[in-house]
Amino acid sequence: MHYDLQPLLLTFQLALVVTAILFVIGIPLAYWIAFSPNRFRYIVETLVSMPLVLPPTVVGFYLLVAFSPQYFLGHFLQSAFGLRVVFSFTGLVIASLLFSLPFMVNPIKAGFQNFPSALIESSYCLGKGPWETLYRVILPNIRPALLTGVVMAFAHTIGEFGVVLMIGGNIPGQTRLASIAIYNEVEALNYGTAGMYALVLVMISFVVLFLFYYLNRRTLKIF
Amino acid sequence: MIRLRLKRRMHTPQGQEWIDVDLNIDRGEFVALFGKSAAGKTTLLRMLAGLTRPQEGYIEVDGEIWFDSRRKIDLPVQQRRTGFVFQDDGLFPHMTVRRNLEYACGDKADHDMIYEWTAVMGLKGMEDRKPSQLSGGQKRRVALARALLSKPKMMLLDEPLSGLDLHARLDVQDEIIKAWRKTGITTILVSHDLSEVFKMSQKIFVIEQGRITASGSPQDVFINRELSGKFRFTGQIIDIQRDGVVNILTLCVGNHLTKVVAGDEEISGLAVGSRVIVAAKAFNPLILKV
């Protein structure tokens, strides 16, 4: 039985990078969707949630076409910045960002929407602007929602298969993630190796979710 | 001097109504907006604070225009600086009492002022507690102190005593009056509680279905001047019971319950919940020290 750690390490590297970026863009995006009076927010809200219902292959297909060097965007990125998105780690990150976006944004959005408006208005009446209110009043109080977003985005990125296969392919050390390695090994009838990867993913997912529920209970207890 | 003339559509259980008010409040006055729920009291207060936008009208405070629909002036909430105390206190649950108070002080926390107000409001020893560890009355007092520490131009109290038990109510009523006497700050209290409004305010605006139907001192508004009784109180009927040929009314006067005998004629048109005046003529009440 032959196996290496490369696909597992790559998977966690991807999940970490994607979760960190999503956290940074997820908060302002969720805030805008939750509080903006703009009518377009429904369109944005819908777009953010699209990956929840679309087959991963559809998203992967569009990304593949968009970033393919044969077409405009891919060609532009490659000629202007020397950036090749398809079949690269960058491509995996971009695809996962899109695909895990609702898992980060939706819990945070719900946290914002359920937040008592009297607290926000109290802060405004005390002379504080929206920024100060956000980081001193709202964010500390919706920690459980933030934690949910982080854990869900992280766990979902680890578990992604279809979209990353479409855009990343199966290049060892570059785009071969654990989920793809399992598929690969099964196709080659290496059930032992596939089982090894699968077991590691199961254990890690269990630990992450267990810690999440445990911590969430504890965080909520503060109030 | 606060002048306001405001119009706004509002949704009530009875359908759409217009708030349409025009009133002046003198500087340093303690004013009550009195009326049933959904009469528009809270909306009026929110429009003054800048939390709800009127459809038409203007607000002028001490010569400064806060809102003018024709000139498109709408001063943001943050610059209006109203000490708004919300019905459900609005304390930040993740901050201790001290942090809540410091939050109001701006960039530089004025610790002397915080110390003073915690003492005045009877909050000494509670500075390190979270709001969840406080009683209802204590929470309101923290909210009051916090609003005062933001150095507001006026205090806006939206039913600050709702949901409190009698003891805590009286307690917070006293603290509100104390704070008003100490600062002399214009205070507007929204309430549907007669005894509270009567006890606390100098001037009352009665609001019904978005319009001011009466205004003046509590005496003018609530006590029928035609009556020449020497001894009179306003109260609310809690219970009516028939006993032989008379009726026994249980009344809530101020914060006390009292029983009064009444004939059939007297109680015609009255029901549980009716507001009444209890008066006695040619009557020599006994005064006893308690």
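Rules and cut-offs
- Residues numbered from 1 in each chain as written.
- Chains lettered and ligands numbered in written order.
- Predicted model: local features only at pLDDT ≥ 70, side-chain atom pairs only at ≥ 80, totals over all residues.
- Helix = DSSP H or I, 4+ residues; strand = E, 2+ residues; numbered from the N terminus.
- Rg over C-alpha atoms; globule rule 2.2 N^0.38 Å.
- Buried ≥ 20, exposed ≤ 12 C-beta atoms within 10 Å, placed from the backbone.
- Contact = placed C-beta atoms within 7 Å.
- Core = buried A, V, L, I, M, F, W, Y, C linked by C-beta atoms within 7 Å.
- Axes fitted to C-alpha atoms, helices over the stretch in contact; angles between N-to-C directions.
- Parallel < 35°, antiparallel > 145°, perpendicular 65-115°, else oblique.
- Left-handed = near helix turned anticlockwise from the far one by under 90°.
- Nonpolar A, V, L, I, M, F, W, Y, C, P; charged D, E, K, R; others polar.
- Domains from an automatic or database assignment.
- Pairing = 2+ DSSP bridges.
- Right-handed = clockwise from strand over helix to strand, strands pointing away.

Student: For this particular structure, what's the right way to read the overall build of chain B?
Tutor: Along the backbone of chain B there are nine helices and 15 strands. By the compact-globule yardstick of 19 Å for 290 residues, chain B fits well, its C-alpha radius of gyration being 21 Å. Projected onto its principal axes, the C-alpha positions of chain B cover 70 × 50 × 35 Å. The buried share of chain B, taken over its 290 residues, is 35%. Put simply, of all contacts in chain B between residues at least 6 apart along the chain, 65% involve residues at least 24 apart.

Student: How should the overall build of chain A be read in this particular structure?
Tutor: Looking only at helices and strands, chain A has eleven helices and zero strands in total. Along its sequence from the N terminus, chain A presents helices and strands in the succession α-α-α-α-α-α-α-α-α-α-α. Overall, the C-alpha framework of chain A stretches about 65 × 45 × 30 Å when taken along its three principal axes. Of all 223 residues assigned to chain A, the portion counted as buried reaches 37%. Sequence separation of at least 24 residues holds for 75% of the intrachain contacts in chain A that already meet a minimum separation of 6.

Student: Can you walk me through the nonpolar core in this structure?
Tutor: One broad trend across soluble globular proteins is that nonpolar side chains are buried collectively. Formed by 114 residues in total, the largest nonpolar core has its most connected members in A:I167, B:L144, B:A145, B:L156 and B:I188. Looking at this core, the element that brings in the most residues is helix α5 (residues 89-113) of chain A, giving ten residues. For B:I188, the residues in contact, after removing those within four places along its chain, are B:I25, B:V31, B:L33, B:L45, B:M154, B:L156 and B:L157.

Student: In this structure, what is going on with the packing of α5(A) against helix α8 (residues 143-159) of chain A? I would like to understand it.
Tutor: Each pair of packed helices gets described by two things: the angle between the helix axes and the distance between those axes. Residue and element names in this part refer to chain A. It is the contact of α5 with α8, at a shortest axis distance of 8 Å, that shows an interaxial angle of 160°. On the basis of their axis angle, the class for α5 and α8 is roughly antiparallel. Where α5 crosses over α8, the handedness of that crossing is right-handed. Contact residues: S96, S100, F103, M104, P107, I108, A110 and G111 in α5; A145, L146, T148, G149, M152, A153, H156 and T157 in α8. Looking at the contact of α5 with α8 residue by residue, the classes come out as nine nonpolar, seven polar and no charged.

Student: Explain the domain arrangement of chain B to me, please; I cannot follow it from the model alone.
Tutor: When the parts of a complex come together, some accessible area is lost, and that lost area is often used as the size of the interface. All names here are of chain B. We note that the domain assignment places domain 1 (2-222) and domain 2 (231-280) within chain B. Computed from C-alpha coordinates alone, the two centres of domain 1 and domain 2 are separated by 33 Å. Of the residues lining the interface, six residues belong to domain 1; the matching set on domain 2 comes to five residues. At the level of secondary structure, the elements contributing two or more residues to the side of domain 1 that touches domain 2 comprise α6 (166-183) and α7 (194-200). Sorting elements by how many residues they give to the side of domain 1 that touches domain 2 places α7 first, with three residues. For the side of domain 1 that touches domain 2, the per-class residue count stands at five nonpolar, one polar and no charged.

Student: Quick question: what am I supposed to make of the environment of B:V260 here?
Tutor: Residues and elements named next belong to chain B. Locating V260 in the fold gives a position in strand β14 (residues 256-262). Judged by the 16 C-beta atoms lying within 10 Å of it, V260 falls in the partly exposed class. Sequence separation between V260 and L249 is eleven residues, and the spatial gap between their C-alpha atoms is 5.2 Å. Apart from residues no more than four positions distant in its own chain, V260 is found in contact with L249, L251 and V278.

Student: Got a minute to help me understand the sheet that holds strand β6 (residues 73-74) of chain B in this structure?
Tutor: Pairing between sheet strands relies on hydrogen bonds along the backbone, with the strands arranged either parallel or antiparallel. Residue and element names in this part refer to chain B. The strand order β2-β1-β4-β5-β6 describes an open sheet built from five strands, whose pairing is antiparallel. Unpaired on one side and paired on the other, β2 (15-25) and β6 mark the two borders of the sheet. One ladder, built from two bridges, connects strand β5 (residues 64-68) with β6; its direction is antiparallel. Within β6, the position partnered with F67 by the bridge is D74. Against the sheet, helix α1 (residues 41-49) engages β1 (2-12), β2 and β4 (56-61), with an angle of about 125° to β1.

Student: What is the right way to read the pairing of strand β8 (residues 154-158) of chain B from this model?
Tutor: When a strand is regular, its side chains alternate between the sheet's two faces. Residue and element names in this part refer to chain B. Here β8 lies mainly inside the structure; five of its five residues are buried. Covered by surrounding structure in β8 are M154, L156 and D158 together with M155 and L157, the residues of both alternating faces. One crossover worth recording links β8 to the parallel strand β9 (residues 186-191) by way of α6, and it is right-handed.

Student: What's the story with the interface of chain B and chain A in this structure? I'm lost.
Tutor: Counting from both sides, the interface comprises 18 residues of chain B and, opposite them, 14 residues of chain A. Mapped onto the side of chain B that touches chain A, the elements with two or more residues apiece are α2 (77-80), β7 (82-85) and α3 (97-104) of chain B. Within the side of chain B that touches chain A, the residues separate by chemical class into nine nonpolar, seven polar and two charged.

Student: I'm lost on the sheet that holds β9(B) in this one. Help?
Tutor: Residues and elements named next belong to chain B. Taken in spatial order, the six strands make up an open sheet running β7-β8-β9-β3-β10-β11, and their pairing is mixed. Two strands close off the open sheet at either side, each with one partner strand: β7 and β11 (211-216). If you compare each strand with its neighbour and ignore which way they point, the axes differ by 15° on average. Alignment of β8 against β9, held across five bridges, turns out to be parallel.

Student: Sorry, what's going on with helix α10 (residues 178-187) of chain A here?
Tutor: Think of an α-helix as 3.6 residues a turn; residues three or four steps apart then line up on the same face. Restricting attention to buried positions, one finds in α10(A) the residues A:A178, A:S179, A:I180, A:A181, A:I182 and A:E185. The first or second residue beyond α10(A) is A:L189, which carries a positive phi of 65°.

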